[in-house]
Every structure is written in C-alpha cells, then in structure tokens.
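Observations on chain architecture
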Amino acid sequence: MAPGPVVPDETMAGSWRDVFGHEQPYDDQVDGIETAVETAENGGFTALEGACGTGKTMLALTAGVSLVRDPESDYERVVVLTSVKQQLRQFETDLRTINENLPDDYRSVSGLTLVGKADVCPYNREGAGRIDDENVYERCEDLRDRTRDLTGDGPTTADALTADARSQQVGLADSGGAGATYLETAETPTPYPETMPEYEDVEYCPFYAQYLSDLPEDGDSEARSASDSASGRGPRAGRAEAVPFDFTAAGHLTPDDLVARSVEHGTCPHSMMGAMLGHAEVVVGNYYHAFDPTTTGSFTGALLDDSTFVVCDEAHMLEPRVRDLVSDAVGDGTLRDAETELSRVIQPLRFDEGEGRDAANDDVDLIRSELEDTDVSLRELEATREFVRDLREELDRRVTAYLEREHRGWKADLADLPDEEIPLRDPETPEKDDITEWAEREGYDGGVWARAETVGAVVKRVLDEAEDEQQQRAAPAVGRVLGEWYRNDHTDYFREIELERTWDSTEPDGSWRRAYNASLSMHNCVPSDAIGERLAEFGGGVLMSATLEPLDVFAEVTGLRHLEREEDRPVVERTYRLDFPAENRESFAVDAPKFTYQNRGGPGERNRTRRIYSDAITEVARSPGNVLVGMPNYAEAEWAAEALRERVDKPVLIDESSGDDATEDLKDDFFAGESKVLVTSLRGTLTEGVDYQGDKLRAAVVCGVPIINTASPRTRAVRTAYDREFGGDGSGSRSGFEYALTIPAVRKARQAIGRVIRGPEEVGVRVLVDERYARDSWDSVREYLPENDEFQPVSPDMLSLGLDRFRSGVD
C-alpha cells in the first residue's frame, strides 16, 4: 500500500543544484531559479519571459522541487499548468531527467499527470464494455452508482464483486468459451473479461469495485458519498491508502504508467489519480485543473492552497483561456431538453391530482418524497418550466428577426449562412441586456432567475432516482447559467446570442434550427479578477512564457499587480533574451504595406499589397531547410500556400483547422524527409509549444499583425472593458485596444518566429513582414518586440539581398 503524505526529505536541505537535472545550468537559469525560490519563500510570484531554448521548464521544476524537498519550507507540492500538450510532455521529460540525475542517496521525485476519464478508463481505451468517447462520463457514473448500490446496503460486498468478476473470466476460460479473453490496456493484462460483468443481472465496474474494496474501513462510507465529477460522484483526493502500489518511489507516472500499474492490480485508474492527487510532489495538468469552476469544485480543489507552488507555463495564454473558462452559455437544444425534463417531473404530479389520481403511477410517491426533502415546490417547478419555455420562444423570435434583417431570403440559403453574433446590448455601453429587460417586462423577477439552479439540481436528482440511472441532464446546466446571468454585472460581462453553423436535417425546412445552434452566451470581458483570486490561493510560483512582454501589462491583466498592491504579495519580473551566438541568426522587419483587409482585399484579389507579400514569403521559403509561414488566419494561409506552390521547388504543406491527430500527422510529414514549407494560421497550434529543435526548422516568416476581428461585438465589448479597467483615460497610458488586441497579436507573431532558434548550434532566419514591425508610427508595434534591435528594418526589394548575405556568411 502507498504511504501517507510526502514528508520533506532531509537529504535535500542542500542547494537547488542537487535537484537540477543537467550538469551545468545557463547563467539565466541560475538567476531565474534563485529568484523564483526567494520570491516564493516570501509568498510571491515570478513573472518570467525566457526565449525559446533558455531552459524555462527545468528552471521552474528545479525551483519548485527544491522548495518541496526543503524541510524548512511550507511547500508540499508543485502544480504545473500548461495550455499546450507538447509542453506537458516536456515537463514529464524534464522531471524524468531530474530523477535520473539525482544523487544516489536521494529518493525519486514523485509525479503525476492529470487527464480525463476518457484517457484512463480501461474500457474506453479499448472500445469495450459499450463505453466510448461519447458516453464515457455518463456510463462511468452510472456503473459507479450501480457498484456502490450493490456493495453499500446492497446484496454483496466490494470484495465479493471483484472476486465475482475474476471468476466470470476464469469460468469462461474453463468452459472454452469464445469470450475467454482478458481485457488488456497500456500493454498490461487486467484480471477481468472484456465484457462488463454482471451481478444478479446488474452491470457493475470491477475496477471501481476493487477500489472500494481497497479503501480502509473508515474511508468506505466517505468514498460512497464523495463528490468528484460533474455528476457528483467518484474518488476523493487524498485516499492514498487505497493505492495498492508505492507511487512515491515510482518517479513520475504518465497516464499510460498510471493505467498500467492500476489495472495490473485490478483497480480503477481514475480513482487512483484522485487518491494520489494530494500526495504527489509534482502534479502536471492544464488550466482547467486550476481555473475551471466545475473541475476545481469536483476534483482538484485539494491542490488549491498555500502549500502549492504553482507553475503557469505558456502564461501568455492564461488570460484568453481563463476568459473562456469563466464565461458561460446555454444552447437552444439544452433549453428544449430542460423544459422536457421539468415536464417529466411535473406531469405525474398533476396527473395524480386530476382525473388519473386512481391510476397506478409508481413515480408519484418517489417525486413527492424527493420534493419533500427540498424547499422546491410544484409551483416553483412550473414557474421555472414556463420561464424556460418563454425564454426559448424569445430566443427564436430574436434569431428570426435578425436573419430577416441581415440575410433577406435566408430560408432559401440555409446552407450558406455564416456564423453570427447578435449582441444583446451596445458592446460599448455597459447596460442591462435585452433578455434581462424582456424578462422584467414579462413579469419574471429575480427569484425565478436565482432559483433556477436549485430547481435544476432537484430535477436531476428526481429523474436519476426514478430511472435508476445517472445521466447528463440539461436542467442543472440551464439553471446554473440562468443564475449566473442574473448575478453577474453588466459592466465586466457581455451577453449575446451566438449562432454557430451546424446542420440538423431533423428540423423542418425553413427553420433556422436546421442550420444553426443558437446559444445565450455570457462573456467575462476582463478575467483579471478571476485569475488573481485563484493565484492568491497558491503559496507562490512562476508564470512564464517565451512571450510575456510587456511584463507590466501581463501583471495587470492577470491580477498579479492587484495581489502586489492590495495583498502585499511580491511580484518579481525577469526577462531572458536569446543567449546563443548572434552570428547564427538573422532577423528582418520588412517595411511592406500593412497586411490589413483594407489593403490586401480578399484572398482572390490581385493587387500590389498581395504581390509584395507573395514575393517576401517566396524569398524566405527558398531558404535551405524547413520553412514555417505564419498567416493571420486559415483563409490567408490557403492563399499563401497556393502562391508558394507556383513559385517554390519544395513541397508546400497547408495546415487547416482540424483535430489533434491530423495536426500531429502534418507535423510528422513536415519533419520527415526532404525540406518543405509549412503554411499555417498564427491562431493554430503549430506556432506555439511545438519543438522544432535541431534542423527541424531553418526559417520562419510572419505576415501581418494577427489582430482578431475588431468589428465583432464581443471584441468591441472586451476592448471597451479594457479601456475602462486599464487605460484609455487620456493620461498617456496604453489604450484598451493595445491591452486587448495589439499586445496579444504581437505575442502570437513572436511565438511563431521563436520556433527557429532553440539551441547554441542552431542556425536560422526570422522575418516579420508588415510596416508596423519595421517603423515607428501611430500604430507601430515595434515597441512590443523586446528584441527589436535585432530586427533590421528592410524594404521589400532588399529582403533578398539580406537573406543572400546571411546565407553566404553562414556557409
């Protein structure tokens, strides 16, 4: 069995150098580690920009692990958060390097990577047990409920259930049955059959039964009532006694490692993750694990305290990612389903009171019993159903009116309709939204909005009990959003209707629902409070990226500056430039016309601006080796790829908006064989967090400043909110446009060109094409290039000469 909480290793009271995974650190790593350690000891945070290849991952891990292992420190764990899967793997690799190079008398640093149920459920991984990616969460919770029901006050015990599952497998084998195959996953056989076992005709999960069996006597009842997932069930963080292997001596466990060790003992990998969560010295996850209210409330809350040293990697993405996480929406289909669920609870009660009161209705007593245990009345259920029904009708009315106004004849062109935003207030004037005002006119007061969340939770509980099955219900989601809609202000939150392209042939001809999924959306425009409040829960840490500058802006928009001013938490800033030989790289800022829509027109147009950009990317693409071309969006990426195919004697690959598997395949094609050109959007995944080390990339060119659509109502609302919060007061401070749009766009461009040079032996070219990078003007972004002294301004016709001169010098 695994030991309890990790205690500081007295052998680690020496220098952080004993933890550092390589023979010799860079000078910047020395400064960064010592700064991070000292700042965290005082309860503060280090905001760190370090160029690609400067060793930020090892820096952060070394600082955190040295504090965790220091017997005089209050830190118990390091929590790493990253938005990029490639970087998650880098932290796993660097922690493995640390463990491989620890002194002989030091024990390994224990680590754990957090993933979702779909990634670790043995049945889902192998497509067995009627579980797949679509139903894994609901099916898992249902099976866990059934397993608990069987082993709680039910007819058997957890020990007997696991023995039963094993005997079913043995019985199949003894009888020579064709189904006598052990489920195998992560290259490890399990003790159970591939089909889901049954006890007295009730399906159950043998892996979860084993977990319940391994719980100590005093923990069993706690586990049965613990909350973990969205449905409120699962492993409790901290039940390390239920782990049947010594994970503290295993080093870092990747998801495959965790699955293999768990199924070898016949126990549930996801429950093991929860049990180990509070006891691993390093936990690697993503932003959801710290900033998503549902995830922290149900699974990772144990990590959110002052004994945790937090590392936010790719921290330039912290602001937009958290904005998405703390925003919310509810779709038209979810409203429809919630209305149906409310009716399923209401109708049996009304039927019982009316003509059918003598009719047999097994559900009535159960529903009445559940309602008696709450403060929700039948009248309140009906009021909520009426509100949801009327809200859906108002949504329909507004969408129809918008389409009639903006797309005349839209019913004949459903397949050609674009995604749309319908603002519910003036984006630049904080005021009540149209839906809230409609509700007031219709007599729906705050009580209906505020109580919808409680009503939704009761509806779910009633239906789950009545159907003896855990399912994802719509009523709780609708209730949550309606409650937040009512509680959140109209200054920092912007409300709108979003129309997302889809196609549903079951909807009638001429209905917008055939072409659109409509959602009532509520966007948090300024997430600095949400970020700062969550960071304040940690003891200290490091927020880092290759592109955090300007650091004063980063500190403001992430709430760090507020922590420094109001809570006296130290915030220390560090910037580390490329320290590799300057003669191995060349950097140009091409003084070309701005790559704006006004100048370039649509991708099909032929004009001077497009000719200049076509010439520039062609010159760079002809450089030896692999070349990356970054465009403002995917439509422009397609244009650039077509232009290059006509002019470059290299294969030209085009990245399209696609899933992870397709992107990985494209990346593998780019790295394999002969030199190629890869064209992508700067808002894709191939320009951030991807390792182009060695000869994988020799040049990168970025066209334009990738500012998002400024005409979007949501973008205008964000810009206005940033003006009000941080600038735009005429005092000379930066404007909301710069905070919300310009600086994030330049960071995107810097991420792309930062892929080229990642080590002292690497050689390459970095090119930014747009006059805003090259010259000082009213809309220049040159000041946001910390290394702007390296980017030589050149005219378009001199770019070729500059590239040739560098190639000759390198050769």
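Since the model is a prediction, treat every value here as computed from it, not as a measurement. (Residues numbered from 1 in each chain as written. Predicted model: local features only at pLDDT ≥ 70, side-chain atom pairs only at ≥ 80, totals over all residues. Heavy atoms only, no water.)

1. A short note on the state of the cysteines
In this structure the tally under the stated criterion is 0 disulfides. Cysteine C140 remains unbridged, with the sulfur of C121 as its closest cysteine sulfur at 6.2 Å. (Disulfide = S-S within 2.5 Å.)

2. Quick word on the nonpolar core
Side chains that are nonpolar tend, in soluble globular proteins, to be buried together. Residues Y123, M276, F291, L535, L543 and L560 are the most contacted members of the largest nonpolar core, which totals 71 residues. With 5 residues, the single largest contributor to this core is helix α8 (residues 206–214). Counting 52 residues, the second-largest nonpolar core is a separate cluster that includes A452, V481, Y493 and M522. (Core = buried A, V, L, I, M, F, W, Y, C linked by side-chain atoms within 4.5 Å. Buried < 20%, exposed > 50% of the residue type's maximum accessible area, 1.4 Å probe, protein only. Helix = DSSP H or I, 4+ residues; strand = E, 2+ residues; numbered from the N terminus.)

3. Side note on the packing of aromatic side chains
With the rule as written, the count across this model stands at 18 aromatic pairs. Taken together, a centroid distance of 4.7 Å and an interplanar angle of 40 degrees make the contact between F387 and Y444 tilted. Remark: Y444 occurs in the loop between α18 (434–441) and α19 (446–467) and F387 occurs in helix α17 (residues 378–406); sequence separation between them is 57 residues. Here the two residues F387 and Y444 agree in accessibility, since each one is buried. In textbook terms, an aromatic cluster arises when at least three aromatic residues are bridged by ring pairs, as seen for F387, W438, Y444 and W449. (Phe/Tyr/Trp six-rings, centres within 6.5 Å; stacked < 30°, edge-to-face > 60°.)

4. Some words on the sheet that holds strand β3 (residues 111–113)
Spatial ordering of the open sheet is given by β8-β3-β9-β2-β10-β15-β1-β16, a layout of 8 strands whose pairing is parallel. Edge positions in the sheet fall to β8 (252–253) and β16 (571–576), since each of these pairs with one other strand and no more. Each of β1 (45–50), β10 (308–312), β15 (540–545) and β16 touches helix α1 (residues 27–41); the most contacted strand, β16, lies at about 170 degrees to it. Strands β2 (77–81), β3, β8, β9 (282–285), β10 and β15 of the sheet are contacted by helix α3 (residues 85–100), whose axis makes an angle of about 160 degrees with β9. (Pairing = 2+ DSSP bridges. Contact = heavy atoms within 4.5 Å. Axes fitted to C-alpha atoms, helices over the stretch in contact; angles between N-to-C directions.)

5. Points about helix α10 (residues 255–264)
Turning to α10, its buried residues are P255, L258, V259, A260, S262 and V263. Where α10 terminates, the next one or two residues include G266, which has phi positive at roughly 75 degrees.

6. Observations concerning the sheet that holds strand β12 (residues 420–423)
Backbone hydrogen bonds are what pair the strands of a sheet, in a parallel or an antiparallel way. Pairing is antiparallel in the open sheet, where 4 strands are placed in the order β11-β14-β13-β12. Two strands lie at the open edges of the sheet, namely β11 (328–331) and β12, each paired on one side alone. Looking at each pair of strands side by side, their axes are set apart by 25 degrees on average, direction ignored. Direction of pairing for β12 relative to strand β13 (residues 493–501): antiparallel, over a ladder of 4 bridges. By the bridge assignment for β13, E421 is matched with E498. Where helix α28 (residues 713–726) meets the sheet, it contacts β12, β13 and β14 (516–524), and its direction lies at approximately 160 degrees from that of β13.

7. Examining the pattern of salt bridges
As enumerated under the stated definition, the model contains 60 salt bridges in all. Where E281 meets R69, a salt bridge forms, and the shortest distance between an N and an O atom there is 2.5 Å. Of this pair, E281 sits in the loop between α11 (269–276) and β9 while R69 sits in helix α2 (residues 56–69), and the two are 212 residues apart along the sequence. Among the residues examined, R69 registers a relative accessible area of 0% and is labelled buried. Among the charged side chains, a network of salt bridges with common partners joins E49, E549, R577, R750 and E787. (Salt bridge = Lys/Arg side-chain N within 4 Å of Asp/Glu carboxyl O.)

8. Overview of the packing of helix α25 (residues 608–621) against helix α31 (residues 799–810)
Between two packed helices, the angle of one axis relative to the other and the distance separating the axes together describe the packing. Where α25 meets α31, the closest approach of the two axes is 10 Å, and the angle between their N-to-C directions is 10 degrees. Taken together, the axis directions place α25 and α31 in an arrangement best described as roughly parallel. The residues of α31 that touch α25, namely those facing A616, E619 and V620, are L799, S800, L803 and R807. Residue composition of the contact of α25 with α31, by class: 4 nonpolar, 1 polar and 2 charged. (Parallel < 35°, antiparallel > 145°, perpendicular 65-115°, else oblique. Nonpolar A, V, L, I, M, F, W, Y, C, P; charged D, E, K, R; others polar.)

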